[in-house]
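# Descriptive analysis of the structure
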Amino acid sequence: MAEAAPAVALLGITKRFPGLVANDSIDLDVRAGEIHALLGENGAGKSTLMNILTGIYQPDGGEIRMGGVRVRFASAADAIAAGIGMVHQHFKLIRAFTVAENIHLGWGETPFAVSAPTMEARTRALAETFGLDVRPEARVEDLSAGEQQRVEILRVLARGARVLILDEPTAVLTPGESARLLENLRAYAAAGRAVIFISHKLDEVLAVADRITVLRAGKCVATLEAAHCDKARLARLMVGRDLAPPARGRRARAVGEVLLALDGVSAQDDRGVPALRDVSLQLRAGEILAIAGVAGNGQRELTEVVTGLRRVSAGSIRLGGEAMAGCGPAAFLEAGVGHIPEDRLRTALAPSLGVAENAVLRGYFRPPCTRGGWFSPAGARGLARRIVGEAQVFVPNLRVPIRNLSGGNQQRLVARREMAVATRLLVAAYPTRGLDIGAIETLLRFIGEARDRGVGVLLISEELDEVLRVADRVAVLFKGRVMGVFPAAEADGERLGLLMGGQAEAA
Ligand SMILES: Nc1ncnc2c1ncn2[C@@H]1O[C@H](COP(=O)(O)OP(=O)(O)OP(=O)(O)O)[C@@H](O)[C@H]1O
Ligand SMILES: [Mg+2]
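Residues numbered from 1 in each chain as written. Chains lettered and ligands numbered in written order. Predicted model: local features only at pLDDT ≥ 70, side-chain atom pairs only at ≥ 80, totals over all residues.

### Considering the domain arrangement of the protein
What counts, and what does not: Bear in mind that the domain bounds are from an automatic or database domain assignment. With C-beta atoms placed from the backbone, a contact is any residue pair whose C-beta atoms sit within 7 Å. Numbering of helices and strands starts at the N terminus; helices are DSSP runs of H or I of at least 4 residues and strands are runs of E of at least 2. The classification used treats Ala, Val, Leu, Ile, Met, Phe, Trp, Tyr, Cys and Pro as nonpolar, Asp, Glu, Lys and Arg as charged, and all other residues, Gly among them, as polar.
Each assigned domain of the protein is listed with its residue range as follows: domain 1 (8-239) and domain 2 (262-336 + 422-500). Each of domain 1 and domain 2 has a C-alpha centre, and the two are 31 Å apart. Each partner contributes to the interface: domain 1 provides 14 residues, whereas domain 2 provides 14 residues. Considering each element in turn, the side of domain 1 that touches domain 2 owes the most residues, three residues, to helix α8 (residues 231-239). When the residues that make up the side of domain 1 that touches domain 2 are grouped by side-chain class, the tally is six nonpolar, five polar and three charged.

### Some words on the site of ligand 1
To keep it simple, the criterion reads: Note on definitions: a residue is near a molecule or strand provided its C-beta atom, placed from the backbone, lies within 6 Å of it.
Near ligand 1, the surroundings consist of 20 residues, among which Asn42, Ser47, Thr48, Ser406 and Gly408 are the closest. For the shell around ligand 1, the elements supplying multiple residues, two or more each, are β2 (20-30), α1 (46-53) and α14 (407-421).

### Let's talk about unusual backbone geometry
Going from Pro367 to Pro368, the amide bond is cis rather than trans, its omega being 5°. One can find Pro368 in the loop between α12 (355-360) and β17 (370-371). Even without glycine at this site, Asp278 takes up a positive phi of about 55°. The residue Asp278 is located in strand β12 (residues 274-284) in this model.

### Some words on the pairing of strand β19 (residues 425-429)
Stated formally: Any residue whose C-beta has 12 or fewer other C-beta atoms within 10 Å is treated as exposed, any with 20 or more as buried, and any in between as partly exposed, C-beta atoms being built from the backbone. Two strands form a pair only when DSSP identifies at least two bridges running between them. Orient the strands so they point away from the viewer, and a crossover whose first-strand-to-second-strand path over the helix runs clockwise is right-handed.
For β19, the buried fraction is high: five of the five residues fall into the buried class. Here β19 shows a buried face lined by Leu425, Val427 and Ala429 and a second buried face lined by Leu426 and Ala428. Of the strand pairs in this sheet, strand β16 (residues 337-340) and β19 are connected by four bridges, and their pairing is parallel. In the strand pairing of β19, Ile340 is matched with Ala428. For β19 and strand β20 (residues 456-461), the ladder comprises five bridges, and the chain directions are parallel. Paired with Leu425 across the bridge in β20 is Gly456. Running through helix α15 (residues 437-452), the crossover from β19 to the neighbouring parallel element β20 is right-handed.

### What to know about the environment of Ile212
Along the chain, Ile212 falls in strand β9 (residues 211-216). For the pair formed by Ile212 and Leu498, sequence separation is 286 residues and the distance between their alpha carbons is 35 Å. What Ile212 contacts, discounting residues up to four positions off in sequence, is Ala37, Leu39, Val205, Leu224, Ala226, Cys229 and Leu234.

### So, the sheet that holds strand β14 (residues 314-319)
Here four strands make up an open sheet; going across it, the order is β12-β11-β14-β15 and the pairing antiparallel. Since the sheet does not close on itself, it has two edges, and those belong to β12 and β15 (322-323), each with one partner.

### Brief notes about the packing of α14 against α15
Worth spelling out the cut-off: Comment: axis = line fitted to C-alpha atoms, over the contacting stretch for helices; angle = value between 0 and 180 degrees taken between N-to-C directions. Oblique is the label for any angle not under 35 degrees, not over 145, and not in the 65 to 115 range, which are roughly parallel, roughly antiparallel and roughly perpendicular in turn.
With their axes 12 Å apart at the nearest point, α14 and α15 run at an angle of 10° to one another. Relative to α15, the element α14 lies roughly parallel. Seen from α14, the contacting residues are Gly408, Arg412, Ala415 and Met419; seen from α15, they are Ala439, Leu443, Phe446 and Ala450. Split by residue class, the contact of α14 with α15 holds six nonpolar, one polar and one charged.

### Quick look at the sheet that holds strand β1 (residues 8-17)
Reading across from one edge, β2-β1-β4-β5 is the order of the four strands in this open sheet, with antiparallel pairing throughout. This sheet does not close on itself; its edge strands, each paired only once, are β2 and β5 (69-71). Mean inter-strand twist for the sheet, computed between neighbouring axes without regard to direction, equals 30°. By the bridge criterion, seven bridges tie β1 to β2 in an arrangement that is antiparallel. Within the sheet, the bridge partner assigned to Ala9 lies in β2 and is Asp29.

### Some points on the environment of Gly40
Mapped onto the elements, Gly40 comes out in the loop between β3 (35-39) and α1. For the pair Gly40 and Asp27, spaced 13 residues apart in sequence, the C-alpha separation works out to 15 Å.

### Examining helix α17 (residues 493-500)
Rule in force here: Directions drawn from the helix axis to the C-beta atoms are what define this arc.
For α17, the full list of buried residues reads Leu496, Leu499 and Met500. On an axial view of α17, the arc spanned by its buried residues comes to 100°, and they lie on one face. Among the structural elements, β13 (288-292), α16 (464-470), β21 (473-478) and β22 (481-487) are those in contact with the buried residues of α17. Count one or two residues on from α17 and you reach Gly502, which has phi positive near 95°.

### Observations concerning the environment of His90
By secondary structure assignment, the location of His90 is in the loop between β6 (84-87) and α3 (99-104). For His90, a count of 17 C-beta atoms within 10 Å corresponds to the partly exposed category. Along the sequence, His90 and Arg346 sit 256 residues apart, while their C-alpha atoms lie 10.0 Å from each other. Apart from the residues lying within four places of it in its own chain, the contact partners of His90 are Leu345 and Gly407.

### Let's talk about the packing of helix α13 (residues 377-390) against α14
Worth spelling out the cut-off: The crossing is said to be left-handed when, going from far helix to near helix, the turn is anticlockwise and less than a right angle, and right-handed when the turn is clockwise.
Close contact between α13 and α14 brings their axes to 8 Å; oriented N to C, the two are set at 120°. The angle between α13 and α14 falls in the class oblique. Considering the relative orientation of α13 and α14, their crossing is right-handed. Along its contact with α13, which presents Ile387, Val388 and Glu390, the element α14 presents Leu413, Arg416, Arg417 and Ala420. In terms of residue class, the contact of α13 with α14 is built from four nonpolar, no polar and three charged.

### A look at the pairing of β6
Going residue by residue along β6, you find Ile84 and Met86 tucked away on one face and Gly85 and Val87 tucked away on the opposite face as well. Pairing analysis gives four bridges linking β6 to strand β7 (residues 163-167), with the strands arranged parallel. Its bridge partner lying in β7, Ile84 is registered against Val163.

Quick look at the structure:
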């Protein structure tokens, strides 16, 4: 018996941008009932291929078939009408609207003249059905990255897409949330829909996918049954060679003076709710202090108070002995504090400006960008070129708008820029999010090298294995309080897990 035609087939898809071929004659077929993972290094062409399937980009060559029939999508609306839904790598929600309004916006099943309470009740019911925890009445701009991601997913699931595409959906989810999402995807596919799943987390991919397609530099290198794969083989296919085993960065030598001291710090979140409660922490020069905890327990506010982006409501912050609690971001920058923020595209980059401008964004007023009080375009270009090189980002030229870079390449650029700024303190929130496996190792090595030069590093992360590998000490945050601080050598996953869940240590 002939096999049924795949739910979607991409045949020989090619997409060129000025100076590069993002997709080079790629074939991909996805069956109904299947979860098909798409893997590849940062910039390999994954998001571009999916943007073609969803009608956002027009291919320069090749064709799309659904159920064996050739289709053409002139716009995203055409693809949605054909039953294709996509959760994008970068959030597309309307920030001034509530969660319920975003869910109902432009949806054929939104009742006419619907009231806010009705939309909220409908949203609550949907959230229940799909096991995604959202607050229907909250405004999107007040949500953490993880919460926004859940709303994006709910928005697409609610529309019942026959072909569901998720572009790195778990990058900003907690491990618990990710596990629930993967379960949901299995059920979703089992109901006869096709799911395309993009992720850099190989464990996740191996756990959930039926088949895996690997892209490298815009070309399809293999499509494999997940059951026949392991992590090493996938990594080799992605990068085209064997990866060096990860280095263990931790080192037990004496650290320097106290660099950053928080004493009884309290702060409120954007809604005026207490987010940090009486936090006291010390970070020494030449030390990596990791803040472990489930996102939403005060991490964002902590990074903001130590970079001048948020006022404290009580307590003191000292940097190298100097009181900083009333200072703004410029003073922290001046004091040698670099910041890799959680939401890079919104808070760390100017999306429509070029790579060069973004690379020097934080160095305009000092050498090499400024010489003798005057802006030096040549100096700025030189600095930009250095940062782009160190970040190992390929761009045809430095004028390319930053929003055209792949998600991982944007993150690489922010990380390298802020490391250049951080002559004394680096505040890094989830710095490996969105990076491919090779780039994660490179970044962790660079963070270790900064520490060895005497920089203090405050590392916010949910990736426990990463934390335990590079940090010198670990502090656990829960509901805005420090639950415990201890040497990383004495930490293990289980102990951390209990503290992260709010269980206090026995005295
Ligand atoms: N609109 C655009 N204009 C110019 N170049 C683009 C555009 N969109 C993507 N590119 C380039 O195409 C290449 C592939 O990008 P893409 O976003 O598809 O990568 P990716 O595989 O999704 O990577 P990541 O894992 O970092 O998300 C990159 O070099 C990127 O800079
Ligand atoms: Mg991408």
